[in-house]
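In case you want the letters, here they are:
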Amino acid sequence: MSEESQKIYTFSVEAVYEMLDSAQDDRDVARELLAMYLDLESQNEYISFLLSEVFWTNYSITKLIEKEIDTAVLTEDKQFIVTETTLNILQSLVISKHAASSELRKMSVSLQEN
């Protein structure tokens, strides 16, 4: 898709920073759980895979949003402008994160901070 035919979308500054904070928090929790889980003598490889997936997707979401903030183009009313390509990547990452998180919940593994 050429840049000229891409749609653009806007997000409020607040929404962008909320997404960033959430991804950073979720990334940190997944990293801690993965490290703890890998230290166990007996472990389920599928859970390790899912925790890795959650960590990776949150890491990628964080990096993508940080890049967007660094190169931000704002509208006159202070909304972030995001290209369709960036939004599609973000959506794919969020869907992958949700799928892995849902699968972990089915296996009684919580990603909530205590």
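## Remarks on the packing of helix α1 (residues 13-38) against helix α2 (residues 45-70)
Pairs of packed helices are described in terms of their axes, by the angle between the two and the distance that separates them. Where α1 meets α2, the axes come as close as 8 Å, and the angle between the chain directions of the two elements is 150°. As the angle between them shows, α1 and α2 are arranged roughly antiparallel. As for the relative orientation of α1 and α2, their crossing is left-handed in sense. Looking at the contact of α1 with α2 residue by residue, the classes come out as 18 nonpolar, 5 polar and 4 charged.

## Overview of helix α3 (residues 84-106)
Helix length check: α3, at 23 residues, gives a terminal C-alpha distance of 33 Å against a target of 33 Å (1.5 Å per residue), a fit within 8%. Buried positions along α3 lie against β1 (8-12), α1, α2 and β2 (79-83). Where α3 ends, the next residue or the one after it, serine 108, has phi of about 65°, a positive value.

## What about the nonpolar core?
By size, the foremost hydrophobic cluster in this structure holds 13 residues, and its most contacted members are Leu33, Ile47, Leu51, Val54, Leu104, Val109 and Leu111. Secondary structure elements with two or more residues in this core: α1, α2 and α3. Looking at which element gives the most residues to this core, the answer is α1, with 5 residues. If sequence neighbours within four positions are ignored, valine 54 has contacts with Ala30, Lys97, Ala100, Ser101, Leu104 and Leu111. Judged by nonpolar contacts, the second largest core, of 10 residues, contains Leu20, Ala23, Phe80 and Leu90.

## Some points on the packing of aromatic side chains
All chains considered together, the criterion is met by 2 aromatic pairs. Between tyrosine 46 and phenylalanine 49, the ring centres sit 6.4 Å apart and the planes meet at 20°, which makes this aromatic pair stacked. Residue tyrosine 46 and its partner phenylalanine 49 are both found in helix α2; the two are separated by 3 residues, about one turn of the helix. Looking at tyrosine 46, the relative accessible area reads 37%, which means it is partly exposed.

Rules behind the numbers
Residues numbered from 1 in each chain as written. Predicted model: local features only at pLDDT ≥ 70, side-chain atom pairs only at ≥ 80, totals over all residues. Heavy atoms only, no water. Axes fitted to C-alpha atoms, helices over the stretch in contact; angles between N-to-C directions. Helix = DSSP H or I, 4+ residues; strand = E, 2+ residues; numbered from the N terminus. Parallel < 35°, antiparallel > 145°, perpendicular 65-115°, else oblique. Left-handed = near helix turned anticlockwise from the far one by under 90°. Nonpolar A, V, L, I, M, F, W, Y, C, P; charged D, E, K, R; others polar. Expected span 1.5 Å × (residues − 1). Contact = heavy atoms within 4.5 Å. Core = buried A, V, L, I, M, F, W, Y, C linked by side-chain atoms within 4.5 Å. Buried < 20%, exposed > 50% of the residue type's maximum accessible area, 1.4 Å probe, protein only. Phe/Tyr/Trp six-rings, centres within 6.5 Å; stacked < 30°, edge-to-face > 60°.

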